[in-house]
Amino acid sequence: MTTAADVVFVDGEVHTLTEPDREAEAVAVRDGRVLRVADTYEIEFLAGVDTTRIDLDGRVLLPGFVDAHVHMQQLGQYQVHADLGAATDLEDALDRLQAAARDDRDWILGFGFDESTWPEDRFPTRADLDRVSEDRPVAAIRVDMHSASLNTVALDRLEGAMPDSDVEIADGDSAADTETGQPTGVVYEAAAEALWAAIEPDRAETRTLLEAAIDYAHSHGVTAVHDMVRESHAPRVYREMDVAGQLPLRVRLNYWSDHLDALGELGLRSDAGGEFLQVGAVKTYTDGSFGSRTAKVSTPYADDPEADGTWVVDPEELATIVDRATEQGFQVAVHAIGDVAVGTALETLAAAPGDRHRIEHAELATDEHIEHFADAGIVASVQPNFLKWAGEGGLYDRRLGDERRTGSNRYARFLEAGVPLAFGSDCMPMDPLFGVHQTVNAPVEAQRLSVTEALRAYTAGGAYAGHDEHRMGTIESGKLADFVVLESSPWEQPGAIDEIEVALTVVDGKIVYDGRTE
Ligand SMILES: [Zn+2]
C-alpha cells in the first residue's frame, strides 16, 4: 500500500506535453510533486480519506505555462496605474490617465501604449498630456519601454536628467500643436531611462506591484516566469516573500549586466537558488525596437530611409559583458531584434563558454542566423504575441515592408532547424493563450506552429531555457505539480485559442487561481 495522494485531479483531459504528447484522465499529487498520471479509476486508488479530490469535469489539464521573458514590476504597474495597452485610441488613453490620478500620488502614470494600434497612429504629445493635468507630472510609457510621452510639468522636472539628443523637438511639420523648436513631449532611450529613475517605486510599493503581477500571472495560467530585473527592489522583495513562504510562483531572476560586479562579489551564479526563487541569466542589450525604429537593420526602415537603428550596447561592449558574465558562471541573455543585432549577438554568444545562452526577441533572423542558433545551441527566447504586428498593414509591414514582415518571427523554421524555442510574453500582454493563438494562426506558414508545438514552447521550452527541464515543463511522475486547467481544448478550437478561459492554476499542488464559473 502506497501513501495516499494529497490531491487528485480526475475526469479530465490531461496532456503531458512530453514527446510524444500523452493523454490521460487524471493526475495524483503528493508533496507538491506529480505522483502518477493515469486513468481516473487508477488514480482513485491513490486517494485516501484526507485526499482532496478535484473533479475536472472534462476540462483540459496541461503543465503550467512558463513565461520566459517578463517584467513583473512593470506588469504590476499596469495593474496599479493606467493600463494604456488596453486603450482603443488616443482619447481613450487620455481618459485612462485621468482616471488613474490619485491624491496620494504625485505622478500620473500610464503604461504600455501602442500608438500603431490607434486610428491616430501617433504618440501622445505634451499638449495632449497637459489636458490630463497642468500642475502634476504626467507620463505615458510606450509598450516597448524605450520611449515615452511627457507633459510640460514632467518635462520641466526631468530637465537636466534627460540628454537633449533623446528629447524630440518640434520641427514645424510634426506635432502641429507644438511650437517649432520646443519639445513635443516625446522622449527616447536615455531620456526614457531618466523617467524610469524618477518614478522608481520604493520597497513597499514594489511588493504591492509584484503581488498584483503574480495574481495577474496566475489568472493567465502562468506558474513560472523568467523576470528581467534591473535597479529595483524586486530581487530583495522576492527573497523576503520566498523566505516567508509567500511566493506562489517560480521566479528565475535574469539580472541586468549593471549588476555583474555585485553578483560576483556575492558569489552568485546561474541556477543557484531553491524551489521558488533562482538566479538566472545576466541580461544585456544590443539594439532597440522596431516600434521606435531603433532596432539595428541591414536595410533602412521602410517608413524612414534615414534610419537603420542604433546600438544601445555596441558590439565591443557586448563582448566585454559576455566575457565577464560567462567567466563568473552565468548564462547570458542578449536582447537583439534587428537582423544586424541578431547576427552580432550570435557571433558573440557562439564564441562564449557555457551553455544555453539566449537571444531575446530575435524578431528578424535570416536563414543563416537560424542555422547558427542551432549549431551553437543558443535558445531563441521569442514572443509569439508579437505576431499580432505581422499582418498586412501592421507595424512590421509599415516599418519593414512586406518581405521582412513575412520573414519575421519564423518559429516553424527555428523548430525545423532544431533551435530550442522558449516562448515568453514580454508582458505585451502577459497571456500565453493569446501568444499560442497568434502562432497557430500566423499570417505565413514559416511563422505557424501546431497547437502542441506552441504549447510546448510555452512550457517545456521555457523550462529548458531556465535549466529546469528536470523539474517542470511536462507532466510526469516526480515533476513539480504546477498545472493550468483550461475550460476548453485548444486542439478542438485552434482558430479561437485566445477565447479559451483559464479555469484553474495550480502551483506546488495548490490552487492559486480559481476561475471556474461552475
Ligand atoms: Zn523585455
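1. Some thoughts on the domain arrangement of the protein chain
Looking at the protein chain, the domain boundaries give domain 1 (5-64 + 479-514), domain 2 (108-198) and domain 3 (203-465). Tallying the contact residues gives twelve residues for domain 2 and 14 residues for domain 3. Summed over both sides, the interface between domain 2 and domain 3 buries roughly 940 Å², with carbon and sulfur atoms accounting for 49% of that surface. The closest approach of N and O atoms between Arg399 and Glu115, which form a salt bridge, is 3.8 Å. Linking domain 2 with domain 3 are seven residue pairs in polar contact (both at pLDDT 80 or more), by the criterion used here. Residue classes in the side of domain 2 that touches domain 3 are distributed as two nonpolar, three polar and seven charged.

2. Topic: the coordination of the zinc ion
At this site the zinc ion is bound by His69 (NE2), His71 (NE2) and Asp426 (OD), with donor distances of 2.1 to 2.2 Å. Taken in sequence order, the residues that donate to the zinc ion follow the motif H-x1-H-x354-D. With a gap of 357 residues between them, His69 in strand S8 (residues 65-70) and Asp426 in the loop between strand S21 (421-423) and helix H16 (432-440) connect regions that are remote in the sequence. In this structure, His69 and Asp426 share a single accessibility class: buried.

3. Some remarks on the pairing of strand S14 (residues 183-188)
The pairing of strand S12 (residues 147-150) with S14 spans three bridges and is antiparallel. Counted as the bridge partner of Ser149 is Val186 from S14. In this sheet, S14 lies alongside strand S13 (residues 167-169) in antiparallel orientation, the contact comprising two bridges. Note that in S14 the partner of Ile169 across the bridge is Pro183.

4. Here's the deal with the environment of Leu400
By secondary structure assignment, the location of Leu400 is in helix H13 (residues 395-400). Its relative accessible area of 4% is what places Leu400 among the buried residues. Once the C-alpha coordinates of Leu400 and Arg250 are considered, the two residues, 150 residues apart in sequence, prove to be 37 Å apart. Setting aside residues up to four positions removed in sequence, Leu400 forms contacts with Phe290, Val297, Tyr301 and Ala302.

5. Points about the sheet that holds strand S1 (residues 7-10)
With mixed pairing, four strands are arranged side by side in an open sheet as S5-S4-S1-S6. Two strands close off the open sheet at either side, each with one partner strand: strand S5 (33-38) and strand S6 (52-55). Taking each pair of neighbouring strands and ignoring which way they run, the sheet shows an average axis angle of 15 degrees. For S1 and S6, the ladder comprises four bridges, and the chain directions are parallel. Opposite Val8, over in S6, you have Arg53 as the bridge partner.

6. Overview of helix H3 (residues 90-100)
Three or more residues of H3 are buried, namely Leu90, Asp92, Ala93, Leu94, Leu97 and Ala100. A side-chain oxygen of the first residue of H3 lies 3.3 Å from the backbone nitrogen of Glu91; this N-cap is Asp89.

7. What about unusual backbone geometry?
Cis geometry is adopted by the peptide bond preceding Pro20, which originates at Glu19 and carries an omega value of -5 degrees. Relative to the helices and strands, Pro20 is located in the loop between strand S2 (13-15) and strand S3 (23-24). Omega for the bond connecting Met428 with Pro429 falls within 30 degrees of zero, at -10 degrees, which places this linkage in the cis form. Along the polypeptide, Pro429 turns up in the loop between S21 and H16.

8. Overview of the packing of helix H11 (residues 339-350) against helix H12 (residues 367-376)
At a closest axis distance of 10 Å, the pairing of H11 and H12 adopts a crossing angle of 20 degrees. With respect to H12, the element H11 is oriented roughly parallel. The chirality of how H11 crosses H12 is left-handed. In this structure, H11 uses Asp339, Val342, Gly343, Leu346, Glu347 and Ala350 to contact H12, whose residues at the interface are His369, His372, Phe373 and Ala376. Residue composition of the contact of H11 with H12, by class: five nonpolar, three polar and two charged.

Each value, and the rule that gives it
- Residue positions are given per chain, counting from 1 as you read along its sequence in written order.
- Where local features are concerned, this predicted model is filtered to residues with pLDDT of at least 70; where side-chain atom pairs are given and counted, the filter is 80 or more; whole-chain, interface and lining totals use all residues.
- Hydrogen atoms and water are omitted, and side-chain values are computed over all heavy atoms in the structure.
- An automatic or database domain assignment is the source of the domain bounds shown.
- Contact between two residues is taken to exist if any of their heavy atoms lie within 4.5 Å; hydrogens are not considered.
- By buried area we mean the combined loss of accessible area, with a 1.4 Å probe, across both parts when two parts are placed together.
- Think of a salt bridge as a Lys or Arg side-chain nitrogen and an Asp or Glu carboxyl oxygen that are within 4 Å of each other.
- Counted as a polar contact is a pair of N or O atoms within 3.5 Å, where, for protein atoms, one must be capable of donating a hydrogen and the other of accepting one, and residues adjacent in sequence contribute only when both atoms are in side chains.
- Three categories are distinguished: nonpolar for Ala, Val, Leu, Ile, Met, Phe, Trp, Tyr, Cys and Pro, charged for Asp, Glu, Lys and Arg, and polar for the others, with Gly belonging to the last.
- Here the term donor refers to an N, O or S atom within 2.8 Å of the metal (or 3.2 Å for Na, K and Ca), and because water is left out of the atoms, sites may appear incomplete.
- The numbering of helices and of strands both runs from the N terminus, where a helix is a DSSP run of H or I of at least 4 residues and a strand a run of E of at least 2.
- Burial status follows relative accessibility: with a 1.4 Å probe on protein chains alone, a residue under 20% of its type maximum counts as buried, one over 50% as exposed, and anything between as partly exposed.
- When DSSP finds two or more bridges between a pair of strands, those strands are recorded as paired.
- All axes here are fitted lines through C-alpha atoms, helices being fitted over the stretch that makes contact, and every angle between N-to-C directions spans 0 to 180 degrees.
- Oblique is the label for any angle not covered by the other classes, which are roughly parallel (under 35 degrees), roughly antiparallel (over 145) and roughly perpendicular (65 to 115).
- With the far helix as reference, a near helix turned anticlockwise by less than a right angle produces a left-handed crossing, and one turned clockwise produces a right-handed crossing.

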